[in-house]
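A look at the structure
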Amino acid sequence: MSLDMLYQEIILDHYKNPHHRGLREPYDAQVLHVNPACGDEITLRVHLDRDTVADVSYDAIGCSISQASVSVLGDLVIGKDLDEAMALQEEFLTLMQGQGKVQPDEDRLEDAVAFAGVARFPGRIKCALLGWMAWKDATVQAVARRAATASAAMEEES
Amino acid sequence: MSAGSRATYDVVRVRKDFPILSRRLAGGDQLVYLDSANTSQKPQSVIDAVSEHYQVHNANVARAMHQLGTESSQAFEEARDKVAAFIGAPSRDEVVFTRNATEALNLVANVLGLAQGDLGVRAGDQVVITAMEHHSNIVPWQLLCQRTGATLRWFDFDDDGRLDLSELDELVTERTKVVSLTWISNMLGTVNPVSQIARRAHEVGALVVVDASQAVPQMPVDVATLGADFVAFTGHKMVGPTGIGVLWGRRELLAQLPPFLGGGEMIETVTLERSTYAPPPARFEAGTPPIAQAVGLGAAIDYLSELGMAAVAAHEREVTAYALARMREVSGLRVLGPTEAVDRGGAVSFELAGIHPHDVAQVLDSRGVAVRAGHHCAKPAHTRLGVQSSTRASFYLYTQPEEVDALIDGLDYTKRYFGGS
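Rules used throughout
- Residues numbered from 1 in each chain as written.
- Chains lettered and ligands numbered in written order.
- Predicted model: local features only at pLDDT ≥ 70, side-chain atom pairs only at ≥ 80, totals over all residues.
- Helix = DSSP H or I, 4+ residues; strand = E, 2+ residues; numbered from the N terminus.
- Rg over C-alpha atoms; globule rule 2.2 N^0.38 Å.
- Buried ≥ 20, exposed ≤ 12 C-beta atoms within 10 Å, placed from the backbone.
- Contact = placed C-beta atoms within 7 Å.
- Domains from an automatic or database assignment.
- Nonpolar A, V, L, I, M, F, W, Y, C, P; charged D, E, K, R; others polar.
- Expected span 1.5 Å × (residues − 1).
- Arc of directions from axis to C-beta.
- Pairing = 2+ DSSP bridges.
- pLDDT = per-residue confidence, 0-100.
- Axes fitted to C-alpha atoms, helices over the stretch in contact; angles between N-to-C directions.
- Parallel < 35°, antiparallel > 145°, perpendicular 65-115°, else oblique.

**Remarks on the overall build of chain A**
A count of helical and extended segments in chain A gives six helices and three strands. Along the chain direction, N to C, the helices and strands of chain A fall in the order α-α-β-β-β-α-α-α-α. Against the 2.2 N^0.38 benchmark of 15 Å for 158 residues, chain A shows a C-alpha radius of gyration of 16 Å, consistent with a compact globule. Structurally, chain A occupies a C-alpha span of about 65 × 30 × 25 Å along its principal axes. Looking at chain A as a whole, 40% of its 158 residues qualify as buried. Taking all contacts inside chain A whose residues are at least 6 apart in sequence as the whole, residues at least 24 apart take part in 63%.

Here it is, written out as structure tokens:
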């Protein structure tokens, strides 16, 4: 299988110049995810503003695929409506688990379509998903935390 | 090892025994297999032995009274004899078959936790390992310490990957119950001075467990003079099948230790209330063992013995020295572990500046060069050297210098591929 199928130009660009890198304030949830197979790590923060993904920031060590993937994730979900962002995460997950048979929607996934080739390298799918799974985990925690805070506030008012 | 006999080691002829080495990969590339510390390839004689066992002799061992059962039992026990002779075990009853080295190490750690009397590990005792262990020689001892209240301590190593023995007398004391260490590091390639550490351990009455997973495949081993009390290794790294490992233990110790797993064949007699247990090694071999795999391991030992382990070790040293020399030519490459082929095994882990090991391995794979990337189940050793992961090339009795050249060419190509990053 051709190396260039995996290492698309877009992926190498994001790897060399990652977007949204560095941990930022404010944030609603922070998670640490690791790939136990290789030890790659990502600490990722999510900040929500009502139903919008206001910020995704991260600190990560890992290969080109995992680094580029989280960079692309940030581009895609920051500023998006929460439900829409979650839907994009699902689409990316489907693409990665599709064994190369899923046709990605470029209008929706934008730069993330470059990862379509990764799905044909089973050893690298986890790399591509590391940041995305961390983001989903952090977002679910952020939403849960917000719901808990809201219900506590309501109880105080009543 | 004389220079004369070394010259007779014919790697080209050896390679003909390993059918997989002549296969072509997806892109039509010739396989360059540099991942033997992970698992070794198998010669035709081992493949045939496993296959013939299933074709002709297959039956359960020690239970079946029919002819096949007798043949199967004989073949299985012959494998035990071969292992015993190969490692210099004073008695065949000291050879316990397990699934792999991991199970062998877990077996020791568990039964030492369960043992009554002097051998048992208890609260207040100490267990000493090293910072360069494979996870399989760390986690079982952590579990033991958590269960018993014993304390885990470890030897550090220096930037060249050598154990810091200046702490020997402070680390291994009257409170030490077990010292467990690797003979040859799977990540750094370091050959550790087992006998020296064992001497100190025995002075203070501690038991010595040796993870010989990388040692038994690469060099002549004589457990009788090593100084260890238990030695663990695995078949698949020594041209044998997967699913078969060995725990060697001194007879008088095995005889005092309680069972690990309970089940068939490890008993003497069973009532619904209680059981009494068979003597070693059966005591530690509950259930149907890996029979065909043991037979395959026997064939692997025949193969290695025919080559001669001194010749295998000499070849390993030569290829490793060549690889280390060639790696020095690659700018941005840093070897993790001893940089000279002295007291060193044939696994070389390295970093390539600015390029993640996953990416290195991926580019090498696209050229047919198979290496390992990651932490090689030795995360603490990586942490000690301040790296998150590494790429590892490991050599074996069938590795040729041309394959080292293919690796070096591949690394140059990798740097160009990711150039400018």
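**Digging into the domain arrangement of chain B**
Residue and element names in this part refer to chain B. What the domain assignment reports for chain B is domain 1 (3-30 + 308-417) and domain 2 (47-305). On a C-alpha basis, the centres of domain 1 and domain 2 stand 28 Å from each other. Contacts between domain 1 and domain 2 engage 23 residues on the former and 22 residues on the latter. Secondary-structure elements contributing two or more residues to the side of domain 1 that touches domain 2 are helix H12 (309-328), strand E12 (347-352) and helix H14 (379-384). Considering every element that reaches the side of domain 1 that touches domain 2, the biggest residue donor is H12, with five residues. For the side of domain 1 that touches domain 2, a count of residues per class yields 12 nonpolar, five polar and six charged.

**Thoughts on helix H4 (residues 67-87) of chain B**
All names here are of chain B. Between its first and last C-alpha, H4 extends 31 Å over 21 residues, near the 30 Å set by a 1.5 Å rise per residue. Listing the buried residues of H4 in full gives Ser72, Ala75, Phe76, Ala79, Arg80, Lys82, Val83, Phe86 and Ile87. The arc that holds every buried residue of H4, seen down its axis, measures 160°, which confines them to one face. When the buried face of H4 is taken as reference, the exposed residues oriented beyond 90 degrees from it are Gln67 and Gln74. The inward-facing, buried residues of H4 abut helix H3 (44-57), strand E2 (95-98), helix H9 (223-226), strand E8 (245-249) and helix H11 (291-307).

**Focus on the interface of chain A and chain B**
The interface is formed by 13 residues belonging to chain A together with 14 residues belonging to chain B. Residue assignment for the side of chain A that touches chain B shows that the elements contributing at least two residues are helix H1 (3-6) and helix H2 (9-16) of chain A. Residues that form the side of chain A that touches chain B fall into these classes: nine nonpolar, three polar and one charged.

**As for the pairing of strand E7 (residues 230-234) of chain B**
All names here are of chain B. Judged by how many residues are buried, E7 sits mostly within the fold: five of five residues are covered. A two-sided burial pattern is seen for E7, the buried positions comprising Phe230, Ala232 and Thr234 on one face and Val231 and Phe233 on the other. Examined bridge by bridge, strand E6 (residues 207-211) and E7 share three bridges and lie parallel to one another. When the sheet's bridge partners are listed, Val209 is paired in E7 with Phe230. As judged from the five bridges shared by E7 and E8, these two strands associate in the antiparallel manner. Bridge pairing in E8 links Phe233 to Val246.

**A few points about the confidence of the model for chain B**
Residue and element names in this part refer to chain B. A residue-level look at chain B finds 98% of positions with pLDDT of 70 or above and a mean pLDDT of 95. When the criterion is pLDDT under 50, residues 1-6 qualifies, and its contacts beyond four places in sequence or with other chains add up to seven contacts. With a pTM of 0.93, the predicted complex shows an ipTM of 0.86.

**Here's the deal with the packing of H2(A) against helix H3 (residues 64-77) of chain A**
All names here are of chain A. Look at H2 against H3: their axes get within 8 Å of each other, and the N-to-C directions meet at 85°. Relative to H3, the element H2 is oriented roughly perpendicular. Only Ser64, Ile65, Gln67, Ala68, Ser71 and Val72 of H3 make contact with H2, whose side of the interface consists of Ile11, Leu12, His14 and Tyr15. Within the contact of H2 with H3, the residues separate by chemical class into six nonpolar, four polar and no charged.

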